[in-house]
Protein chains: 2
Amino acid sequence: MKAKVHVTLKNGVLDPQGQAILAALGHLGFDGVTDVRQGRYIVLDLAETDRARAEAAVKAMCEKLLANTVIENYQFELVP
Amino acid sequence: MKAKVHVTLKNGVLDPQGQAILAALGHLGFDGVTDVRQGRYIVLDLAETDRARAEAAVKAMCEKLLANTVIENYQFELVP
């Protein structure tokens, strides 16, 4: 089973990487971009086959390591 | 219109960040993880309202800036 995890900055948290991308896109002539936010995308291969147990494990991984829940949100989906 | 872009390393390309996460998860007691790959998740706010033009613009942004197409793949979806 795979878990696809998205970790994104919470609204209101400054995103210097996103701002750097926005500025670089502007320099390249892409003027139609009004905002950029960058997050992380993490794909975990899990040995677990039970969906409920996998979900609990990935939630714990996100809380403990993958996301800084003070400033970041996480979302994940499990794919067989 | 928003564009949600996923940039991931191509298969076969070493992923030291993913390996670091895998090792850290092991140290935390999460033994059921067999592999980790880390990519980037970029959300673009676009002024463009025409879907076809937005798609062409985001493709160009990915090719020119967001992804290193030698070692990375990208995928994106447009959301109204």
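Located above this text is the structure these notes cover.
Residues numbered from 1 in each chain as written. Chains lettered and ligands numbered in written order. Predicted model: local features only at pLDDT ≥ 70, side-chain atom pairs only at ≥ 80, totals over all residues. Heavy atoms only, no water.

Chemist: Could you give me a rundown of the interface of chain A and chain B, with the residues and numbers involved?
Modeler: On the side of chain B, 30 residues touch chain A, which itself brings 30 residues to the contact. Of the roughly 2400 Å² buried at the junction of chain A and chain B (both faces included), carbon and sulfur atoms supply 71%. Taken together, the connections running from chain A to chain B amount to zero salt bridges. The tally of links between chain A and chain B comes to eleven residue pairs in polar contact (both at pLDDT 80 or more). Broken down by secondary-structure element, the contributors of at least two residues to the side of chain A that touches chain B are β1 (2-9), α1 (16-27), β2 (33-46) and α2 (51-66) of chain A. When the residues that make up the side of chain A that touches chain B are grouped by side-chain class, the tally is 18 nonpolar, six polar and six charged. (Contact = heavy atoms within 4.5 Å. Buried area = accessible area lost by both parts, 1.4 Å probe. Salt bridge = Lys/Arg side-chain N within 4 Å of Asp/Glu carboxyl O. Polar contact = N/O pair within 3.5 Å; in protein donor to acceptor, adjacent residues only side chain to side chain. Helix = DSSP H or I, 4+ residues; strand = E, 2+ residues; numbered from the N terminus. Nonpolar A, V, L, I, M, F, W, Y, C, P; charged D, E, K, R; others polar.)

Chemist: Outline the relation of the copies chain A and chain B, listing residues and values.
Modeler: In the superposition of chain A on chain B (RMSD 0.0 Å, axial shift 0.0 Å), the rotation amounts to 180 degrees. Each copy turns onto its partner about a two-fold axis. Judged by C-alpha distance, A:R40 is the residue of chain A that lies nearest the rotation axis, at 2.3 Å. A high fraction, 100%, of the interface residues of chain A reappear at the interface in chain B, so the copies pair face to face through one surface. (Least-squares fit on C-alpha atoms with pLDDT ≥ 70 in both.)

Chemist: Please set out the sheet that holds β2(A) residue by residue, giving values where relevant.
Modeler: Reading across the sheet, the six strands line up as β3(A)-β1(A)-β2(A)-β2(B)-β1(B)-β3(B) and stay open at both edges, with antiparallel pairing between neighbours. Of all the strands in the sheet, the pair left with one neighbour each is β3 (72-79) of chain A together with β3 (72-79) of chain B. Taken pair by pair, the neighbouring strands of this sheet meet at an average axis angle of 20 degrees, ignoring direction. Sheet strands touched by α1(A): β2 of chain A together with β2 (33-46) of chain B. Its angle to β2(A), the strand with the most contacts, is close to 125 degrees. Along the sheet, α2(A) makes contact with β1, β2 and β3 of chain A together with β2 of chain B, crossing β3(A) at roughly 155 degrees. (Pairing = 2+ DSSP bridges. Axes fitted to C-alpha atoms, helices over the stretch in contact; angles between N-to-C directions.)

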